[in-house]
Amino acid sequence: MKRVSVDVAVVGAGPAGLAAALEARRSGAKRVLLIERDAELGGILQQCIHDGFGLHRFGRRMSGNQYAQAFIDEVEASGVEVRLGTMALEVTGARVIYACSKSEGMLEIEAGAVILAMGCRERTANQVLICGDRPAGVLTAGAVQRYVNMEGYLPGSRAVILGSGDIGLIMARRMTLEGIEVKAVYEVMPAPGGLTRNIVQCLDEFNIPLHLSTTVTRVNGRKRVESVAVARVDKNLKPIPGTEETVGCDLLVLAVGLIPENELSRGAGVALDPRTKGPVLDDVFMTSVPGVFACGNVAVVFDLVDYVSQSGEIAARGAVDFIAGGLCRQPQYVPVEAGENVNFVVPQRLRHGCAGARLFLRVKKPLREAVLTCESGGRMLMQKSLRHLAPPEMIAFDLAGRIGDAPVAVSIREVTRE
Amino acid sequence: MEAKEIARKLNKAFPDAALEAELDARGILTIRGECAGWEELVKIGRRAAKLPGVKNVVNELSAKGVSVPRKDYAALRAKGEAAGTIDEADVVIVGAGISGCGVARELAKYRWKIVVVEAADDVAMGATKANNGNIHPGHAVKSGTLKAKLNVEGNRLYDKWAEELDFELQRCGAMGFVTSRPLGAALKYSYRQAKRNGVAGVELVDAERAMELEPGLAKNGLGPRIKLALWLPSMGLVEPYQVALALAENAAQNGVRFLFNATVAGVIVENGAVAGVVTEKGVVRARYVVNCAGLYADEISAMAGDKGYTIHARRGVIAILDKAAQPEYRTLCERITFREVRRALEHSETKGGGMCRTPEGNVLMGPSALEIPDKEDLSTTPEELQYAMGRGDDTVSYANIIRFFAGNRPADYKEDFIIEMSPVTDGFVNVGAIQSPGLAAAPAVARMVEGIVTEHAAKTGRPAEIRADWNPLRRRRPEFRHMSRAEQDALIRENPAYGKIVCRCECVTEGEILDALRSPVPPGSVDAVKRRTRAGMGRCQGGFCQPRVLEIMARELGRKRTEVTLKGEGTEVLLRRNRGEEAGE
């Protein structure tokens, strides 16, 4: 077995991993190793040929590929060691990675710090408990995207999409452009799951109807999908009897949520947050295992790739600090509490005495006008007015100033005008 | 009892139905007429089968408002006859489920030409595939039945099968326990039945011994509350499709041929003896036809002129949970509650299964049990899923489901196996109504059929001869996920294809997929690859690996990607190329 020793090892070369590897080099780490299972860098961005990426970071609209390429070019010039076609099988709590590839066999990688950037996976039809037949033609949006955008094949002629998350919306437009008739998008929740701009650009402009509070209850068709049954749902998201309708189609596309891929993290003993399904992180995106960091969608499912890259950079700076001995190995933490209207906040805790942090949160419900507050021990750390908040859109902000030993409470209060 | 008397009794018991009955010399009761619904139709059949003098029931009742779809055998038969004779064999086995594969493998030791014809595109596609994999000890089957005998025998023979065929068999043992003293009677009843049936190692044990046998009981605090427990050390676990595959591969190594996508549409009978089958692909002539057709065994038997039983489909829904949801017990351990006992009493044949696990470590829930009119209806319903999920403990959560599916059990009305040389058509052997515990009984079923066929051959002056070159051994192919890091390293160095992980959830390599595609009974669809390698069986359900498996299959099998199917003809995953790329295909 081949043994390798590096300063920082990054698992996964999607947007988070690329940014992390690059930032680790920039911050002074000598040997940075980037491990990627695929034959190319870029992760899922490779199949994101639509635009809308990079508005925050680059100030222009780019396709997913272009966004990734901007990082890939820098990574290639930066001296980051890249191992493609290499799959990490195990990460230990002692920061040893076992990874294999065709050319090198099994690698035992000893890393000063490990950055987890494995991304996420899609929920499936089974996981959302759709009953009925199990024919060909039931696919997740990401799988359809891969078939259509990377392999050049169409898995259906008439599609129904369940889930109005961004991938579902993007695929509604993409399939339409390829000549697939998109019958409708159904969303079990009373509000859309994706960004408003995607509703407008991907559905409205193509006259694709969006049915809220409606779900697919059953798939019909023994060999290939012939139709799906859809039904309105009540407040508890249960189908309302008598509202069922049959919609003819030969493809059901599921865009019903993403789950961080934390199997390697779990193996390393990393504590997970049941709410985000990602690791419990601190202000430098270190997990509960010293020297093991996480970023991107394995940490928490982000909405914008710009935030994914940012999280990679935060983790990388933390990792470089860690190997330099700048981070306390057994830090004292204060929790970050999700208060009024806040679904979750990442990171979930901050080190005593740290000099602020970048926080990411999602709201519980749409709010027209609100005030974001961070309080700690009766002290107001910050206050900020916000408009047009919705659960699909993450809110990122910097909390400045030294953190004491009292919990930090993050709340969003709705502003109602007379 | 006479037919008239039987009809009178049944009409009285089911006043909504209008029934006629006919009883032949063999004791086969044929019921005709109309009844109120499917549930009643099944009840009538079951009641009739319990009447004295009735050996089995042919249920030709129709149920009001229920249309029962039938296969268009005439068209398939015409197609097959037009193709003419495509093969000649000594033995044709109809059906490649656990029974058909088991019989094929047993008979492969003789100098006979054997052909297995199967309607689906792979082995194990019927009841075998959708089975919970329990190798039942034989305590739960009514004493004195063929089922009881073959279950106990089959369970014992599994070690030999597992050793020779190298599939995973885990003798985990099973425990049923009660925490209320009056319920102990249910366990004592099971214990006596187990003893009568000859179940090996069965014991009634106290709390202390129960906790020794199942450490999980001490951990969760239930142990000290145990009043009595029934310990069945011979309970085993397998992946049922892997057993069928191992049997099929060993049979193929020994010269047995498999003909897939070949529905049998006719049985050729000449001078009272069987002479072959007409499949949709052509005629296969043979001296013996062994009917292991599962749900269709009754229809195949009728084609051979022997209408002796009716198979009705009993659907079961199974849910598979994520490996992250670790089973609480090492054994199959279940607390027997009043609810469970009542359920067992009310639905003596149909209560379905509870919570167990697969040899790979997934918790498995179910199956449920529901009588349905359409043998091909493998759809799931929320109610059946709820039934399957409802038989676990508090540790079971819907959030952990990664897959749920249904299978249909081929039940007859006598609720026993039917294994015999047909008294009507010589050379035609029925292996019918093989449902639970058919998987556990399979080795004994295969042996019994071997006996029937070889005895007949000897009696008719053409005794079977053992092949000198028969090889009973089949080795499992490398399973990367079960190896140590050093072994994995060595394997990749030997063949770099093992260094590429295709399915990351289940850690399946390209090398394993290539091995499967080059195996003695090669897979023809994405799902067939899944059953052989586990690629796509994990939590993402093929979201990542399906495009990659599809690509490997297209490359290896020399097919276009639009020709690769999910699960046989008509289930192509990809329909056409993108706009502007049509020229490329």
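Cut-offs used in this document
Residues numbered from 1 in each chain as written. Chains lettered and ligands numbered in written order. Predicted model: local features only at pLDDT ≥ 70, side-chain atom pairs only at ≥ 80, totals over all residues. Heavy atoms only, no water. Helix = DSSP H or I, 4+ residues; strand = E, 2+ residues; numbered from the N terminus. Rg over C-alpha atoms; globule rule 2.2 N^0.38 Å. Buried < 20%, exposed > 50% of the residue type's maximum accessible area, 1.4 Å probe, protein only. Contact = heavy atoms within 4.5 Å. Areas by Shrake-Rupley, 256 points an atom, 1.4 Å probe, with all protein chains shown as cover. Lys, Arg positive; Asp, Glu negative; His and termini not counted. Charge placed at Lys NZ, Arg CZ, Asp CG, Glu CD. Pairing = 2+ DSSP bridges. Axes fitted to C-alpha atoms, helices over the stretch in contact; angles between N-to-C directions. Polar contact = N/O pair within 3.5 Å; in protein donor to acceptor, adjacent residues only side chain to side chain. Left-handed = near helix turned anticlockwise from the far one by under 90°. Nonpolar A, V, L, I, M, F, W, Y, C, P; charged D, E, K, R; others polar. Salt bridge = Lys/Arg side-chain N within 4 Å of Asp/Glu carboxyl O. Expected span 1.5 Å × (residues − 1). Phe/Tyr/Trp six-rings, centres within 6.5 Å; stacked < 30°, edge-to-face > 60°. Lys NZ or Arg CZ within 6 Å of the ring centre and 35° of its normal. Buried area = accessible area lost by both parts, 1.4 Å probe. Core = buried A, V, L, I, M, F, W, Y, C linked by side-chain atoms within 4.5 Å. Domains from an automatic or database assignment. Patch = residues over 30% accessible without salt bridge, like charges linked within 9 Å, V, L, I, M, F, W, Y side chains within 5 Å.

A. A look at the overall build of chain A. If you tally the helices and strands in chain A, you get eight helices and 29 strands. For chain A, the C-alpha radius of gyration of 22 Å lies close to 22 Å, the compact-globule estimate for 418 residues. Along the three orthogonal principal directions, the C-alpha set of chain A runs to about 65 × 65 × 40 Å. When the 418 residues of chain A are sorted by exposure, 62% land in the buried category. Restricting the contact set of chain A to residue pairs at least 6 apart, pairs at least 24 apart contribute 63%. When the accessible surface of chain A is split by element, carbon and sulfur atoms take 48% of a total near 16,000 Å².

B. Representation of the overall build of chain B. Scanning chain B from N- to C-terminus turns up 17 helices and 27 strands. Computed over the C-alpha atoms, the radius of gyration of chain B is 24 Å, within 12% of the 25 Å expected from 2.2 N^0.38 for a compact globule of 585 residues. In terms of principal-axis extent, the alpha carbons of chain B reach across some 75 × 70 × 55 Å. Residue burial in chain B is summarised as follows: out of 585 residues, 61% are buried. Long-range contacts, defined as pairs at least 24 residues apart, comprise 73% of the intrachain contacts of chain B with a sequence gap of at least 6. Taken as a whole, chain B presents about 23,000 Å² of accessible surface, with 50% of it coming from carbon and sulfur. Charged side chains in chain B number 84 positive and 78 negative. The centres of these two groups are separated by 3 Å.

C. Focus on the sheet that holds strand 28 (residues 395–399) of chain A. Residues and elements named next belong to chain A. Across the sheet, three strands lie side by side as 23-25-28; this open sheet has antiparallel pairing. Every interior strand has two partners, whereas the edge strands, strand 23 (342–346) and strand 28, have only one. The average undirected angle you get between the axes of adjacent strands in this sheet is 30°. By the bridge criterion, four bridges tie strand 23 to strand 25 (residues 357–363) in an arrangement that is antiparallel. Following the sheet pairing, Phe344 is matched in strand 25 by Arg362. Each of strand 25 and strand 28 touches helix 8 (residues 305–323); the most contacted strand, strand 25, lies at about 145° to it.

D. Local environment of the side chain of Asp122 of chain B. Residue and element names in this part refer to chain B. Position of Asp122 relative to the elements: it lies in the loop between strand 6 (114–117) and strand 7 (134–135). Since its relative accessible area comes to 1%, Asp122 is described here as buried. A polar contact is formed between the side chain of Asp122 and the side chain of Arg531, at a distance of 2.9 Å. At 2.7 Å, the side chain of Asp122 forms a polar contact with the side chain of Arg532. For Asp122, the residues in contact, after removing those within four places along its chain, are Phe260, Ala528, Arg531 and Arg532.

E. Spatial organisation of the sheet that holds strand 1 (residues 18–23) of chain B. Residue and element names in this part refer to chain B. Spatially, 1-2-3 is the arrangement adopted by the three strands of the open sheet, whose pairing is mixed. Where the open sheet ends on each side, the last strands, each with one partner, are strand 1 and strand 3 (56–63). Each neighbouring strand pair of the sheet contributes to a mean axis angle of 15°, computed without reference to strand direction. Strand contacts of helix 1 (residues 3–13): strand 1 and strand 2 (28–35), with the helix running at about 150° to strand 1, the strand carrying the most contacts. Across the face of the sheet, helix 2 (residues 38–49) comes into contact with strand 1, strand 2 and strand 3 while running at roughly 155° to strand 3.

F. Region of interest: the packing of helix 1 (residues 15–26) of chain A against helix 3 (residues 64–78) of chain A. Residues and elements named next belong to chain A. Where helix 1 meets helix 3, the axes come as close as 10 Å, and the angle between the chain directions of the two elements is 35°. When you trace helix 1 past helix 3, the crossing you get is left-handed. Across the interface between the two elements, Leu18, Ala19, Leu22, Arg25 and Arg26 from helix 1 touch Ala68, Phe71, Ile72, Glu74, Val75 and Ser78 from helix 3. Here the residues of the contact of helix 1 with helix 3 sort into seven nonpolar, one polar and three charged.

G. Inspection of the pattern of salt bridges at higher detail. Under the counting rule described, the total for this entry stands at 76 salt bridges over all chains. A salt bridge links Lys323 of chain B to Glu506 of chain B, with the nearest nitrogen and oxygen atoms 2.7 Å apart. Placement of the pair is Lys323 of chain B in the loop between strand 17 (312–321) and strand 18 (332–335) and Glu506 of chain B in the loop between strand 25 (501–503) and strand 26 (508–509), with a sequence separation of 183 residues. Overall, Glu506 of chain B belongs to the buried group, its relative accessible area being 5%. Three or more residues are tied together by salt bridges with common partners; here these are Arg121, Glu261, Glu263 and Arg266 of chain A together with Asp322, Arg504 and Arg539 of chain B.

H. Up close: helix 8 of chain A. In a regular helix each residue adds 1.5 Å, so 19 residues correspond to 27 Å; helix 8 of chain A covers 27 Å between its end C-alpha atoms and thus fits that length. Along helix 8 of chain A, 16 of the 19 residues are buried, which leaves the element largely enclosed by surrounding structure.

I. Region of interest: the packing of aromatic side chains. A full pass over the atoms with the stated rule returns 12 aromatic pairs over all chains. Their ring planes at 80° and their centres at 5.6 Å tell us that Phe58 of chain A and Tyr67 of chain A sit as a pair that is edge-to-face. The exposure class of Phe58 of chain A is partly exposed, given its relative accessible area of 33%. The exposure class of Tyr67 of chain A is buried, given its relative accessible area of 0%. With a centroid separation of 5.1 Å and an interplanar angle of 90°, the aromatic rings of Phe302 of chain A and Phe360 of chain A are classed as edge-to-face. A residue pair is termed long-range when its members are at least 10 positions apart, and Phe302 of chain A in the loop between strand 21 (292–294) and helix 8 and Phe360 of chain A in strand 25 qualify at 58 residues. The same class applies to Phe302 of chain A as to Phe360 of chain A, namely buried. Through a chain of ring-to-ring contacts, three or more aromatic side chains come together here, namely Phe285, Phe302, Tyr307 and Phe360 of chain A. A cation over a ring is seen here: Lys71 of chain B above Tyr296 of chain B, with NZ or CZ 4.1 Å from the ring centre.

J. The arrangement of the interface of chain A and chain B in detail. Residue-level contacts link 53 residues of chain A with 60 residues of chain B. For the pair chain A and chain B, the summed buried area comes to about 4,900 Å², and 50% of that belongs to carbon and sulfur atoms. In terms of surface lost to chain B, no three residues of chain A exceed Lys102, Arg134 and Tyr153 of chain A, which account for 16% of the buried area on that side. On the surface where chain A and chain B come into contact, there are six salt bridges. For the pair chain A and chain B, the interface holds 30 residue pairs in polar contact (both at pLDDT 80 or more). No other element matches the five residues that helix 4 (residues 141–151) of chain A contributes to the side of chain A that touches chain B. Among the residues making up the side of chain A that touches chain B, the classes are represented as 22 nonpolar, 10 polar and 21 charged. By the bridge criterion, two bridges tie strand 12 (residues 153–154) of chain A to strand 27 (residues 576–577) of chain B in an arrangement that is antiparallel. Bridge pairing in strand 27 of chain B places Leu154 of chain A opposite Arg576 of chain B.

K. Inspection of the nonpolar core at higher detail. Membership of the largest hydrophobic core comes to 76 residues, with the highest contact counts inside it found for Leu34, Ile97, Ile109, Ile115 and Phe293 of chain A. The element best represented in this core is helix 8 of chain A, accounting for nine residues. Two domains each put at least three residues into this core: domain 1 (1–121 + 258–330) and domain 3 (332–418) of chain A. Counting residues in hydrophobic clusters, the runner-up holds 59 residues, among them Leu245, Ala251, Val256 and Tyr288 of chain B.

L. Molecular detail of a positive patch on the surface. All names here are of chain B. Where like charges cluster on the molecular surface, the positive patch consists of Arg181, Lys188, Arg192, Arg196, Arg225, Lys227 and Arg335. With three residues, the single largest contributor to the positive patch is helix 6 (residues 184–197). Of the residues examined, Lys227 reaches a relative accessible area of 35% and is grouped as partly exposed.

M. Structural view of the domain arrangement of chain A. Residues and elements named next belong to chain A. For chain A, the assigned domains are domain 1 (1–121 + 258–330), domain 2 (124–256) and domain 3 (332–418). In this structure, domain 1 and domain 3 have C-alpha centres spaced 26 Å apart. At the interface, 22 residues of domain 1 touch 22 residues of domain 3. When the two sides are added together, the surface that domain 1 and domain 3 hide from each other amounts to roughly 1,700 Å², 55% of it contributed by carbon and sulfur. Summed over the shared surface of domain 1 and domain 3, the number is one salt bridge. Linking Arg351 and Asp283 is a salt bridge whose minimum nitrogen-to-oxygen distance equals 2.7 Å. Where domain 1 meets domain 3, there are 11 residue pairs in polar contact (both at pLDDT 80 or more). By residue class, the composition of the side of domain 1 that touches domain 3 is 12 nonpolar, five polar and five charged.

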